[in-house]
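Overview (structure and organization)
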Amino acid sequence: MADIKAGHLVARYLKEVEKIDMVFGISGGHIESILDGFTEYSIRTIDVRHEQAAAMMAHAYSVYTGRPGVCFLTAGPGFTNGLTGIANAYLDNVPLVVLCGRHPLRDDLKGALQEMNQIDMVKPITKWAATCYDARRIPEYMAIAFRNATAGRPGPVFLELPPDILNITIPEESAPMPIKVARNYAVVPADEELEAAAEIINGAKKPLFLGGTGVGFSACSDRLGEFVEKTGIPFMLLNYGRGELPDTHPLSIWDCGNVGLLVTLGQADVIVAAGLRFNWLFMSGDVIPGGAKVVRIDIDPREIDRNRRADAGLVGDVGSVLGRLMPLVEKKDHGEWVRTLRAASHAFIDSELKARVAPSDPIHPIRLVAKIQEVVGEDALYVIDGGDTSYFGQVGLFTREKAGVIGSASGLLGCLGTGIPFGIAAKLARPDKPVVVLNGDGSFGFNSMEFDTMVRHNIPVVVVVNNDCAWGMIKHSQEMSIGGDRLQCSELGIRRYDLMVEGLGGHGEFVTKDEEIVPALKRALESGKPACVNVMTDPSVTSPATPLFYQSLKME
Amino acid sequence: MKFSLLLFILYRKLKKAVKTNRAYRSHIGTVQLKILIKTADGKRGRLFIFDRGVLSTLTGGGHAADAALVWSDAATAFRVMASGSDEESFKAAAEGGLRVEGMAYYIQWFTDGIKLVMK
Ligand SMILES: Cc1ncc(C[n+]2csc(CCOP(=O)(O)OP(=O)(O)O)c2C)c(N)n1
Ligand SMILES: [Mg+2]
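These numbers were taken from a predicted model, which means no experiment stands behind them.

Looking now at the side chain of His334(A). Mapped onto the elements, His334(A) comes out in the loop between helix H12 (318-325) and helix H13 (335-348). In contact with His334(A), not counting residues within four places along its chain, are Ala204(A), Lys205(A), Pro207(A), Thr231(A), Gly232(A) and Ile233(A).

Given below as structure tokens:
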């Protein structure tokens, strides 16, 4: 009878049961036998330079592949460094499986290296957290972890594995691999709610459909396409739902941008919100007019009436709910309404639309974005990370790809530094697509050492730095609040991030003039290397997101 | 004429609100912004200058501003502004009667302030 190193059970489970092919993390003595298991079972490891990046990559890998991402952290500082990434996945409802070392159980309370109570620290930011105490039960604990990450509303889970169980050898048959059962089950909305929703949608004159992350994880492009085409309803897909239908779909209103969305929301009479939270970005529901009727679709019943009482609440997976609604909704044409809202929205963003097509000196950030779009196109994956930068990227970039435009810092954690890890995960998940990260210069600093990871693993992502020499969003809101003469901790300098990347073995470009943008981007893409295009942009420009952010914190 | 008068009255009301209306004072806070309302031909208009809680004004449509509300003509401007209705503004924008130069959010902020005063 064969024996197995218990630490190898982790990789064996990942490979044989979950079909996981890639994991992210940094090494450490406490998890050595897990690492050796990755070798044994041929799981590709992406070893990074900061554990927060590993958690963020695994998070993003879930988004791009639709399957839970896995990261590994060593005990103590590996664990604490990972916390930001775990918190981000928690607030974003993303399935993330975190495997973590810990000090030996044998040495509890003896002052062991990296001894701390990790479970209590991580509990409030996970769906499920546990320590496994028995080597034979490692596969079982892994199965529980994966179930918790994916069942219902997804989220991160945390499994702590002490050396006492990893570093022993046990008979293989004492730790059998569980059989993964793919159950076909669905939470189904009540018939009367479906009928009420259909009646509201059928009676709408100025409807709007908003889809969020729940749309993305439901992977429901076919059903969503049929639904919007039958009902004629204009739509905007946000968060990880973006791209489930192409941004270029005739009923998508991404060309109206966030400003157009707010303007349109104010006039809509029916709002269908699917897999989307009415959080601070919707002023906790306040942007929805009092007179409008609201239909909510969510897998989590607690979201249905949150921050705004719904007129119909449909609990379930977005795709399956839309499937049930289809026979009840009538064929409609809202062409006139769509034309009106587009024309009105465009009138409100007139200057921004003009700035995209006119050369500027210094370069306007939206002009930079328009040039990226021109060179890279709609068949690419974009990630945007920054303050004002996030706004410009999200309104100015368009793709036909699922999760094609992701504002990685625009989730509930508003976590700067996510862009590069997300870009890396995007390229690993879809190597055939060009991947471009648009980074604020401030945000670039957090995880730019991951260029080393890209170079080592040959992951050619192009990172464009929108360099306004500032923590721009903060600088501009300080100008509004405490005044431009008292700016505090919001300015940065002219820095050659491109040279830094060259030093790490990547390709660098430095751009100060409008006409240099396109050739620099082309060279970066053609280099086949991880590349940084460092573009100096107008430091006086702010985005509409900044005053909104400033207002949200105003208390008197 | 009616449009210019409306802008003048609006200025007077806001100016008074800066002194007497707590909510409005708090709304404008320490913001430094220039908001221009004008006709597209630039012949009529008024600049509202907010400078750390102080409001001042200049007449005419030719001033530089952080954001401008540009009306196709004075009659549309008067009709829509006097109505105080978001729906009318939306319709006017859709029909080419109105556009925003600069950041729409600043105009929103300005009109939110007007709503506070007119409440
Ligand atoms: C990790 C983290 N630290 C700090 C902040 C606070 N913050 C929000 S926006 C911002 C400025 C971002 O600057 P940059 O990335 O250069 O983008 P810009 O606004 O200049 O386009 C800061 C510091 C944050 N959201 N996340
Ligand atoms: Mg910046």
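Right, let's get into the domain arrangement of chain A. Residues and elements named next belong to chain A. Each domain of chain A was delimited in the assignment, giving domain 1 (3-174), domain 2 (191-345) and domain 3 (349-552). Using C-alpha coordinates to define each centre, domain 1 is positioned 37 Å away from domain 2. In this assembly, ten residues from domain 1 lie in contact with seven residues from domain 2. By the criterion of area lost to domain 2, the three top residues of domain 1 are Val63, Asp92 and Arg153, representing 56% of everything that side buries. The interface formed by domain 1 and domain 2 contains two salt bridges. Between Glu303 and Arg153 there is a salt bridge whose closest N-O contact spans 3.0 Å. Our count for the contact surface shared by domain 1 and domain 2 stands at five residue pairs in polar contact (both at pLDDT 80 or more). A per-element tally of the side of domain 1 that touches domain 2 places helix H3 (residues 51-65) first, with three residues.

Residues and elements named next belong to chain A. Protein coordination at the magnesium ion (ligand 2) comes from Asp441 (OD), Asp468 (OD) and Ala470 (O), with a distance range of 2.0 to 2.1 Å. Since its relative accessible area comes to 2%, Asp441 is described here as buried. Taking relative accessible area as the criterion, Asp468 reaches 11% and is therefore assigned buried.

The next subject is the interface of chain A and chain B. Across the contact, 31 residues belong to chain A and 21 residues belong to chain B. Taken over both partners, the interface formed by chain A and chain B buries close to 2000 Å², and the fraction arising from carbon and sulfur atoms is 61%. The tally of links from chain A across to chain B stands at two salt bridges. Its salt-bridge partner being Asp485(A), residue Arg52(B) comes within 3.3 Å of it at the nearest N-O pair. Where the side of chain A that touches chain B is concerned, the elements lending two or more residues are helix H11 (257-265), H13, helix H14 (350-357), helix H20 (472-481) and helix H23 (545-552) of chain A. Among the elements that make up the side of chain A that touches chain B, the one with the highest residue count is H13(A) (seven residues). Its residues placed into classes, the side of chain A that touches chain B shows 14 nonpolar, ten polar and seven charged.

All right, on to the pattern of salt bridges then. All names here are of chain A. Evaluated as defined, the whole model comprises 35 salt bridges over all chains. In this structure, Arg302 and Asp300 form a salt bridge, with 2.9 Å as the shortest nitrogen-oxygen distance. Of the charged contacts in the structure, one is a salt bridge between Asp514 and Arg367, with a shortest N-O distance of 2.9 Å. Linking Asp514 in the loop between strand S18 (507-511) and helix H22 (517-526) with Arg367 in helix H15 (residues 365-376), this pair joins segments that are 147 residues apart in sequence. With respect to class, Asp514 is no different from Arg367; both count as buried. Several salt bridges converge on common partners, so that one network encompasses Arg153, Asp300, Arg302, Glu303 and Arg306.

Definitions and limits used
- Residues numbered from 1 in each chain as written.
- Chains lettered and ligands numbered in written order.
- Predicted model: local features only at pLDDT ≥ 70, side-chain atom pairs only at ≥ 80, totals over all residues.
- Heavy atoms only, no water.
- Helix = DSSP H or I, 4+ residues; strand = E, 2+ residues; numbered from the N terminus.
- Contact = heavy atoms within 4.5 Å.
- Domains from an automatic or database assignment.
- Buried area = accessible area lost by both parts, 1.4 Å probe.
- Salt bridge = Lys/Arg side-chain N within 4 Å of Asp/Glu carboxyl O.
- Polar contact = N/O pair within 3.5 Å; in protein donor to acceptor, adjacent residues only side chain to side chain.
- Donors = N, O, S within 2.8 Å, 3.2 Å for Na, K, Ca; no water.
- Buried < 20%, exposed > 50% of the residue type's maximum accessible area, 1.4 Å probe, protein only.
- Nonpolar A, V, L, I, M, F, W, Y, C, P; charged D, E, K, R; others polar.

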